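# Working through the structure, step by step
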Amino acid sequence: MITHVHTHITSELQQNTRTDTIFILTAIILNLITLAVNSGMVEKSRTESSTLVVMFVFVTLIVLVNIVVVIGLLKGRQTRMKLVKGLLAMYRDQKVDQYYDTSLLENYNIRYNLFIMVVVFTGIIAAVVPFILR
């Protein structure tokens, strides 16, 4: 039964990693595409108010998607911590916990913070740069 539980937890960790990767890539790609699109519309937005409205719609999309991604990453971090703590408890019970360095938990937190910062900073740049160019 322990093997089954271990397999289940590690499978959940792999799914968590895939989900986080999708969140991060989606946000960064959307931010960069929106940066390019809005930057391309800068010239037209000086004379056409409808283009400016479209730029603001894209900025709203960036903000909403980035909020969803940050919330998803925060939940992903919580999930990873719970799963790893479960594994550590199992390893302690089986007397093999000395093979897992618990400092990895702090490394996971730092990594999640860095991912969140990348998403937020690319979102800010995507939202602000076109309006600076304007």
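Before any of the text, the structure's been laid out above.
The notes below deal with the structure included here. Quantities reported herein were computed from a predicted structural model and do not represent experimental measurements.

As a rule of thumb, soluble globular proteins bury nonpolar side chains together. Ranked by size, the top nonpolar core spans twelve residues in total: Ile9, Leu13, Met81, Leu83, Val84, Leu87, Leu88, Met90, Tyr91, Tyr100, Leu105 and Tyr108. Those elements that place two or more of their residues in this core are α1 (2-40), α3 (49-93) and α4 (103-133). A total of seven residues in this core trace back to one element, the largest contributor, which is α3. Not counting the four nearest positions on each side in its chain, leucine 87 is found in contact with His6, Ile9, Thr10 and Leu13. Ala27, Val70, Tyr112 and Ile116 belong to the second largest nonpolar core, which has eight residues in total.

Moving on: the packing of α3 against α4. Where α3 contacts α4, the axes come no closer than 10 Å and their chain directions differ by 180°. As judged from the angle between their axes, α3 and α4 are roughly antiparallel. Here the residues of the contact of α3 with α4 are counted per class, giving 23 nonpolar, five polar and three charged.

On to the environment of isoleucine 124. Within the secondary structure layout, isoleucine 124 lies in helix α4. Along the chain, isoleucine 124 and tyrosine 91 lie 33 residues apart, while their C-alpha atoms are 42 Å from each other.

It is worth spelling out the environment of glycine 123 at this point. Within the secondary structure, glycine 123 is located in helix α4. Residue classification places glycine 123 among the buried residues on the basis of a relative accessible area of 5%. Separated by 117 residues in the primary sequence, glycine 123 and histidine 6 place their C-alpha atoms 38 Å from one another. Among residues more than four places away in sequence, those in contact with glycine 123 are Asn31, Ile62 and Asn66.

Right, let's talk about the side chain of asparagine 66 for a bit. Examined against the element boundaries, asparagine 66 turns out to sit in helix α3. According to the relative accessible area criterion, asparagine 66 is buried, its value standing at 9%. Residue contacts for asparagine 66: discarding those within four places in its chain leaves Ala27, Asn31, Val119 and Gly123.

What follows is about the environment of isoleucine 62. As for its position among the elements, isoleucine 62 is in helix α3. When its relative accessible area of 1% is taken as the criterion, isoleucine 62 is described as buried. For isoleucine 62 and aspartate 20, which are 42 residues apart along the polypeptide, the C-alpha to C-alpha distance reads 18 Å. Sequence-distant contacts of isoleucine 62, defined by excluding residues within four places in its chain, comprise Asn31, Thr34, Gly123, Ala126 and Ala127.

Before going further, it helps to spend a moment on a nonpolar patch on the surface. Together, Ile110, Leu114, Met117, Val120, Phe121, Ile124, Val128 and Ile132 give the surface a local cluster of nonpolar side chains, amounting to about 710 Å² of exposed area. Inspection of the secondary structure puts methionine 117 in helix α4. For methionine 117, a relative accessible area of 41% corresponds to the partly exposed category.

Its place among the elements puts asparagine 38 in helix α1. Within the structure, asparagine 38 has its side chain in polar contact with the backbone oxygen of methionine 55 (distance 3.4 Å). What asparagine 38 contacts, discounting residues up to four positions off in sequence, is Met55, Phe58, Val59 and Pro130.

Thresholds, definitions, all that
- Residues numbered from 1 in each chain as written.
- Predicted model: local features only at pLDDT ≥ 70, side-chain atom pairs only at ≥ 80, totals over all residues.
- Heavy atoms only, no water.
- Core = buried A, V, L, I, M, F, W, Y, C linked by side-chain atoms within 4.5 Å.
- Buried < 20%, exposed > 50% of the residue type's maximum accessible area, 1.4 Å probe, protein only.
- Helix = DSSP H or I, 4+ residues; strand = E, 2+ residues; numbered from the N terminus.
- Contact = heavy atoms within 4.5 Å.
- Axes fitted to C-alpha atoms, helices over the stretch in contact; angles between N-to-C directions.
- Parallel < 35°, antiparallel > 145°, perpendicular 65-115°, else oblique.
- Nonpolar A, V, L, I, M, F, W, Y, C, P; charged D, E, K, R; others polar.
- Patch = residues over 30% accessible without salt bridge, like charges linked within 9 Å, V, L, I, M, F, W, Y side chains within 5 Å.
- Areas by Shrake-Rupley, 256 points an atom, 1.4 Å probe, with all protein chains shown as cover.
- Salt bridge = Lys/Arg side-chain N within 4 Å of Asp/Glu carboxyl O.
- Polar contact = N/O pair within 3.5 Å; in protein donor to acceptor, adjacent residues only side chain to side chain.

Treat this as a map of the structure, not an account of what it does.
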